[in-house]
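These are the residues of each chain, in order.
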Amino acid sequence: MRSRGATVAWMGWTAAACALLLMAVRASDALSLRQPMQAVTSGAEFEALFAIWKFINGEAVYQDPYRIPFAASYYNWLFYAFYGTFAGLGQKLLGLNDWWLPTLTKVATLSLCAAGSALLARLLRLAAADNVFWRTLAWPLSLCFFFGPLIGYWAVAVTCELGAVVSAVAALLVFLRWYPDRPMAATIAAALFAAAAWSFKQSNIFVGAALFLFLLARRQWRLAALSLAIPVAVVALSGWIGGQAYRDMAFLKKQTMFFAWWQLGRNLGNLLVKTTPYLAMVALIPLALSRLPGGLRAAWRDDRLLLSLIGLGVSAVLSIPASAKTAAAENYYFVMVVFMVFAGTVTLARVEAGPWMRRLVGAGFALYAVACLLVVAGVTGVTSVAESHRRNVLQAACIKDVARPLYINDVHLSLPWFALEGPYFVLATIYWEDRQLGMSFERDGVGGLIRDGAFATIAIGAGAPPVWDGQHFDRYRRTSSCGGLDLYSRQN
């Protein structure tokens with residue numbers, strides 16, 4: 001049995017090595033210590049970078065997206081505070097300008113992944129108790145999660161996701177370590193970490209909900225009330241200190257949402273491909289529960305097992321429907337997958353690792369390794385974002401000396417270190433959907449500003465008709481083309 005277990009462990013480490021190789025390939029042109037990379041590694045990265053820049057420069061992070069410059073900060077305050085503090089200190093200590101902001105913030109995310117992998121490995125070893133087989137797999141499972149295809153480019157992106165995930169893992173770890181002997185301290189610490197997860201991303205309430213339901217199941221009424229009161233107090237305090245603009249964005253008052261079945265199907269399909277070891281573990285949970293000594297009553301009495309199953313159920317119920325939101329992706333499943341591997345480890349460690357278990361988990365690792373290598377080999381997926389860096393640098397040079405105010409229809413090039421002078425029209429992701437819905441914008445939005453001749457220069461993609469946001473460039477004349485951009489100057 002030991003040799004067979006060693007084979008699965010070897011397969012796990014092989015899968016982890018493939019995940020790290022894929023991450024190294026992807027990070028190689030997204031990050032550099034020799035030049036400030038401007039590669040785009042996530043869809044709405046421009047919004048996060050603009051908000052972090054505002055935090056560093058002492059400007060209001062949360063503003064009305066229906067007023068000039070029509071920008072939005074969707075995520076919660078700790079995301080901007082953490083990344084802004086990290087990048088701001090990096091700029092001061094190293095004497096770096098704003099061009100290095102993408103690099104510094106992506107290093108912050110990669111650092112969170114490294115810390116998260118260590119915390120998750122510790123959590124899984126604690127969950128495995130004395131089961132050597134599952135304790136051995138803790139690190140491979142953790143590395144595959146934080147550096148593998150599921151998180152993918154989010155590991156080197158400017159995103160709130162990883163801060164929220166790491167906070168959730170920390171909440172579970174501290175609760176499991178302290179609850180048997182110090183339940184009050186465990187509850188307070190875990191509730192604070194759960195509140196931190198929410199403070200990174202306001203939809204990340206999974207661990208807090210799981211803790212509350214677990215304590216209710218244990219009839220720990222005072223602790224359950226405490227686990228709820230702490231996050232509620234953090235939410236209330238955040239809303240009070242943040243002001244009206246913060247409340248409007250953080251509490252979704254000014255966020256338009258759309259849902260689509262095709263989005264849900266695509267995201268679930270990607271989840272299945274990118275989590276084969278964890279799916280194998282979850283598939284084995286019902287069989288393991290049926291073979292658990294003492295049956296389901298023993299499962300109910302096991303604190304770790306009960307908490308993990310409650311968390312898996314809560315996160316699945318909340319995450320899967322939410323992933324149908326337009327612009328949603330596999331990031332909506334991150335905490336759910338943490339509970340998948342946590343619940344799988346806790347449950348399967350309670351029974352003997354028979355051949356059927358080892359073979360299925362080994363097959364999961366094998367498929368995972370193949371999936372990583374197919375991306376590395378260029379058969380599928382993406383391994384380079386260098387082209388976006390080259391395009392941004394080239395086009396930044398094209399707009400460097402044009403007359404301001406400038407409007408450019410590329411939101412990344414509207415960032416302060418490209419646009420150089422404000423207002424910076426880093427348009428909110430929902431700007432175009434809200435325009436279609438007939439929402440009211442200051443001065444009739446970008447189209448109204450073009451109509452009024454508010455911009456000295458307009459830059460749009462080469463060959464595109466001189467119309468933007470429903471407004472023809474009647475007051476502008478095309479004066480030049482550069483780097484795939486057509487430049488229009490205002491005629492006085």
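This text follows the structure it describes.
A quick note: this is a predicted structure, and the numbers were derived from the prediction, not measured. (Residues numbered from 1 in each chain as written. Predicted model: local features only at pLDDT ≥ 70, side-chain atom pairs only at ≥ 80, totals over all residues. Heavy atoms only, no water.)

### As for the overall build of the chain
Cut-off, in case you're wondering: Each helix is a run of DSSP H or I of at least 4 residues and each strand a run of E of at least 2, with the numbering of both proceeding from the N terminus. We compute the radius of gyration over the C-alpha atoms and compare it with the globule rule, which gives 2.2 Å times the number of residues raised to the power 0.38. Throughout this description, buried means an accessible area under 20% of the type-specific maximum (1.4 Å probe, protein chains only), exposed means over 50%, and partly exposed covers the range between. Two residues form a contact once any of their heavy atoms are found within 4.5 Å. In these tables, accessible area is a Shrake-Rupley quantity obtained with a 1.4 Å probe, and a residue counts as shielded only by the protein chains included in the view. Charge convention: Lys and Arg are scored as positive, Asp and Glu as negative, and His as well as the terminal groups of each chain are ignored. The atoms used to mark charge sites are NZ of Lys, CZ of Arg, CG of Asp and CD of Glu.
The secondary structure content of the chain amounts to 20 helices and 6 strands. A compact globule built from 492 residues would reach a C-alpha radius of gyration of about 23 Å, and the chain, at 25 Å, matches this within 12%. In terms of overall dimensions, the chain has C-alpha extents of about 85 × 50 × 45 Å along its principal axes. Looking at the chain as a whole, 55% of its 492 residues qualify as buried. If you take every contact in the chain between residues at least 6 apart in sequence, the share linking residues at least 24 apart comes to 73%. Carbon and sulfur atoms provide 63% of the accessible area of the chain, an area that totals close to 20,500 Å². The distance from the centre of the 41 positive side-chain charges to the centre of the 26 negative ones in the chain is 11 Å.

### Observations regarding the nonpolar core
Taken as a class, soluble globular proteins show a tendency for nonpolar side chains to be buried jointly. Stated precisely, the cut-off is as follows: Nonpolar core, defined: a set of buried Ala, Val, Leu, Ile, Met, Phe, Trp, Tyr and Cys residues in which side-chain atoms within 4.5 Å join the residues together.
If you look at the biggest cluster of nonpolar residues, it comprises 150 residues, and the most contacted ones within it are Trp 134, Phe 145, Phe 146 and Phe 175. When sequence neighbours within four positions are dropped, the list of residues in contact with Trp 134 reads Ala 128, Leu 141, Met 281, Thr 345, Leu 348, Ala 349, Met 357 and Val 361. Listed in part, the 16 residues of the second largest apolar core include Tyr 407, Leu 427, Val 446 and Tyr 476.

### Points about the state of the cysteines
In plain terms, the rule: Defined by distance alone, a disulfide is two cysteine sulfur atoms within 2.5 Å.
Under the definition given, this model contains 1 disulfide. Each sulfur of the disulfide joining Cys 398 and Cys 482 lies 2.0 Å from the other. A torsion of -70° about the S-S bond marks the disulfide between Cys 398 and Cys 482 as left-handed. Placement of Cys 398 in helix H17 (residues 386-399) and of Cys 482 in strand E5 (residues 476-482) is noted, with a sequence separation of 84 residues between them.

### Focus: the side chain of Gln 38
The condition that has to hold: Polar contacts, as counted here, are pairs of nitrogen or oxygen atoms within 3.5 Å of one another; within protein the pair requires one atom able to donate a hydrogen and one able to accept it, and residues that are adjacent in sequence qualify only if both atoms are side-chain atoms.
Relative to the assigned elements, Gln 38 resides in the loop between helix H1 (2-28) and helix H2 (45-56). For Gln 38, a relative accessible area of 5% corresponds to the buried category. Side chain to side chain, Gln 38 and Trp 417 meet in a polar contact 3.1 Å long. Residue contacts for Gln 38: discarding those within four places in its chain leaves Trp 99, Pro 102, Ser 388, His 389, Asn 392, Val 393, Trp 417 and Phe 418.

### Quick notes on the environment of Ala 191
For Ala 191, the location among the structural elements is in helix H8 (residues 183-200). You can call Ala 191 buried: its relative accessible area is 1%. Considered as a pair, Ala 191 and Gly 208 are 17 residues apart in the sequence and their alpha carbons are 6.5 Å apart. Not counting the four nearest positions on each side in its chain, Ala 191 is found in contact with Leu 211, Ser 227, Ile 230 and Pro 231.

### Details of the packing of helix H3 (residues 77-94) against H8
Let me state the cut-off plainly: Each axis is a line fitted through C-alpha atoms, and for a helix only the stretch in contact is used; angles between axes span 0 to 180 degrees, taken between their N-to-C directions. An angle counts as roughly parallel when it lies under 35 degrees, as roughly antiparallel when it exceeds 145, as roughly perpendicular when it falls between 65 and 115, and as oblique in every other case.
Orientation of H3 relative to H8, taken along the N-to-C sense of each, is 85°, at an axis distance of 5 Å. The angle between H3 and H8 places the two elements in the roughly perpendicular class. Between H3 and H8, the residues in contact are Trp 77, Leu 78, Phe 79 and Phe 82 and Ala 196, Trp 198, Ser 199 and Phe 200, respectively.

Structural measurements only, silent on function.
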